[in-house]
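Listed below are the residues making up each chain.
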Amino acid sequence: MKKIYMYTPSSDGGMALYAWELLNALAAQRRAGYQFEMVSSEDLADQFKSDTYPVHAILPALRQRSQFANKLTWVASRLSPYSRREWAFLRWLRQQRDVAGVHFQEWTPWLAAGMFRKIRKMGIKIYYTVHNVVPHHYPPMLPKAVMHRWIRNGCMQCDGLFVLPHPLADQLTNVLGRGDRPIQGARHGVWN
């Protein structure tokens, strides 16, 4: 049976809840030939674990802002954990067998394209759910054009893109340009 890993590093909050709901729904469908599994952070909250599908809590945990003395040390702490998280995932993924694809719910924009190229070299397809085409808030002092280039480069490495809600498809097409990237509109799930 081929595996599809759902990559969701968030250990709690809305993204973890969304991935939990989505994976429970996919696991219940019993799609022929596919097994859906979650890859998340070491500190994944118990409420987002499930007996319905395997959970691989292997990604290094990100420390919360409240654990730092000030905002500057918190910002500095964010520079290396993202790359350590991606490298941990790539090392783990290389050891897995029968992997058809990785469905990303989250990504690190400046690392996504390079990571996706490495995964594709393993013969694994890449899918990404585009929750927002561009960020609600841009990082300070980072030109928007740089962020847009990172987003475009990451999306162009994907075999399929899902947008929530459907009107984001037009916005994503404007960012990517007309091309062969398959963009699928999907309804947003309803929380149980």
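Right, let's walk through the structure included here.

### Focus on the overall build of the chain
Then, in step 1: From N to C terminus, the chain includes six helices and seven strands.
Then, in step 2: For the chain, the N- to C-terminal ordering of α and β elements is β-α-β-β-α-α-β-α-β-α-β-α-β.
Then, in step 3: Relative to the globule expectation of 16 Å for 192 residues, the C-alpha radius of gyration of the chain, 17 Å, shows essentially globular dimensions.
Then, in step 4: The C-alpha extent of the chain, read off along each of the three principal axes, is 50 × 40 × 35 Å.
Then, in step 5: Within the span of the chain, comprising 192 residues, buried residues form 42% of the whole.

### Side note on the nonpolar core
Then, in step 1: In this structure, F89, L93, F104 and I119 are the most contacted members of the largest nonpolar core, which totals 31 residues.
Then, in step 2: Sorting the residues of this core by element identifies strand 1 (2-7), helix 3 (79-94), strand 4 (99-104), helix 4 (109-121), strand 5 (125-130), helix 5 (144-156), strand 6 (160-163) and helix 6 (168-176) as the ones contributing at least two each.
Then, in step 3: Not counting residues within four places of it along the chain, the set of residues in contact with F104 comprises Y7, F89, M115, F116, I119, I126, Y127, Y128 and T129.
Then, in step 4: One finds I4, M6, A19 and F36 within the second-largest nonpolar core, a separate group that totals 13 residues.

### Some details on a positive patch on the surface
Then, in step 1: A cluster of basic side chains, namely R91, R94, R117, K118 and K121, defines a positive patch on the protein surface.
Then, in step 2: Elements supplying a minimum of two residues to the positive patch: helix 3 and helix 4.
Then, in step 3: It is helix 4 that contributes the most residues to the positive patch, three residues altogether.
Then, in step 4: Tracing the sequence through the fold places K118 in helix 4.

### Things to note about the packing of aromatic side chains
Then, in step 1: Inspection of the entire model under this criterion finds eleven aromatic pairs.
Then, in step 2: Taking the centre distance of 6.2 Å and the plane angle of 85° together, the rings of F89 and F104 count as edge-to-face. Taken together, the positions of F89 in helix 3 and F104 in strand 4 put the pair 15 residues apart, joining distant regions of the chain.
Then, in step 3: On the basis of relative accessible area, F89 is assigned to the buried category, the value being 0%.
Then, in step 4: Measuring from centroid to centroid gives 6.4 Å for Y127 and F162, while their planes differ by 45°, and the two rings are tilted. Taken as a pair, Y127 in strand 5 and F162 in strand 6 lie far apart in primary sequence, 35 residues in all.
Then, in step 5: On the basis of relative accessible area, F162 is assigned to the partly exposed category, the value being 28%.
Then, in step 6: Taken together, the ring pairs connect Y5, Y7, F89, W92, F104, W107, F116 and Y128 into an aromatic cluster.

### Digging into the packing of helix 5 against helix 6
Then, in step 1: Helix 6 packs onto helix 5 with a crossing angle of 100° between their chain directions and a minimal axis gap of 10 Å. Considering the angle they form, helix 5 stands roughly perpendicular to helix 6. Here R152, C155 and M156 of helix 5 lie close against helix 6, whose contacting residues are L172, V175 and L176.
Then, in step 2: Across the contact of helix 5 with helix 6, the residue classes break down as five nonpolar, no polar and one charged.

### What about the pairing of strand 5?
Then, in step 1: Examined bridge by bridge, strand 4 and strand 5 share four bridges and lie parallel to one another. Counted as the bridge partner of V102 is I126 from strand 5.
Then, in step 2: As for the winding sense of the linkage, the β-α-β connection from strand 4 through helix 4 to strand 5 is right-handed.
Then, in step 3: Relative to strand 6, strand 5 runs parallel, the two being bridged by four bridges.

### Looking at the sheet that holds strand 6
Then, in step 1: The seven strands lie next to each other as 3-2-1-4-5-6-7, forming an open sheet whose pairing is parallel. Either end of the sheet is taken by a strand with one partner, and the two such strands are strand 3 (55-59) and strand 7 (183-185). For this sheet, the mean angle separating the axes of adjacent strands, direction not counted, is 25°.
Then, in step 2: As paired strands, strand 6 and strand 7 are joined by three bridges and run parallel to one another. Paired with L161 across the strands is I183, a residue of strand 7.
Then, in step 3: Packed onto the sheet, helix 1 (residues 13-29) meets strand 1, strand 2 (34-41) and strand 5 and runs at close to 165° relative to strand 2.
Then, in step 4: Sitting on the sheet, helix 4 touches strand 1, strand 4 and strand 5, and the angle it makes with strand 4 is about 165°.

Cut-offs used in this document
Residues numbered from 1 in each chain as written. Predicted model: local features only at pLDDT ≥ 70, side-chain atom pairs only at ≥ 80, totals over all residues. Heavy atoms only, no water. Helix = DSSP H or I, 4+ residues; strand = E, 2+ residues; numbered from the N terminus. Rg over C-alpha atoms; globule rule 2.2 N^0.38 Å. Buried < 20%, exposed > 50% of the residue type's maximum accessible area, 1.4 Å probe, protein only. Core = buried A, V, L, I, M, F, W, Y, C linked by side-chain atoms within 4.5 Å. Contact = heavy atoms within 4.5 Å. Patch = residues over 30% accessible without salt bridge, like charges linked within 9 Å, V, L, I, M, F, W, Y side chains within 5 Å. Areas by Shrake-Rupley, 256 points an atom, 1.4 Å probe, with all protein chains shown as cover. Salt bridge = Lys/Arg side-chain N within 4 Å of Asp/Glu carboxyl O. Lys, Arg positive; Asp, Glu negative; His and termini not counted. Charge placed at Lys NZ, Arg CZ, Asp CG, Glu CD. Phe/Tyr/Trp six-rings, centres within 6.5 Å; stacked < 30°, edge-to-face > 60°. Axes fitted to C-alpha atoms, helices over the stretch in contact; angles between N-to-C directions. Parallel < 35°, antiparallel > 145°, perpendicular 65-115°, else oblique. Nonpolar A, V, L, I, M, F, W, Y, C, P; charged D, E, K, R; others polar. Pairing = 2+ DSSP bridges. Right-handed = clockwise from strand over helix to strand, strands pointing away.

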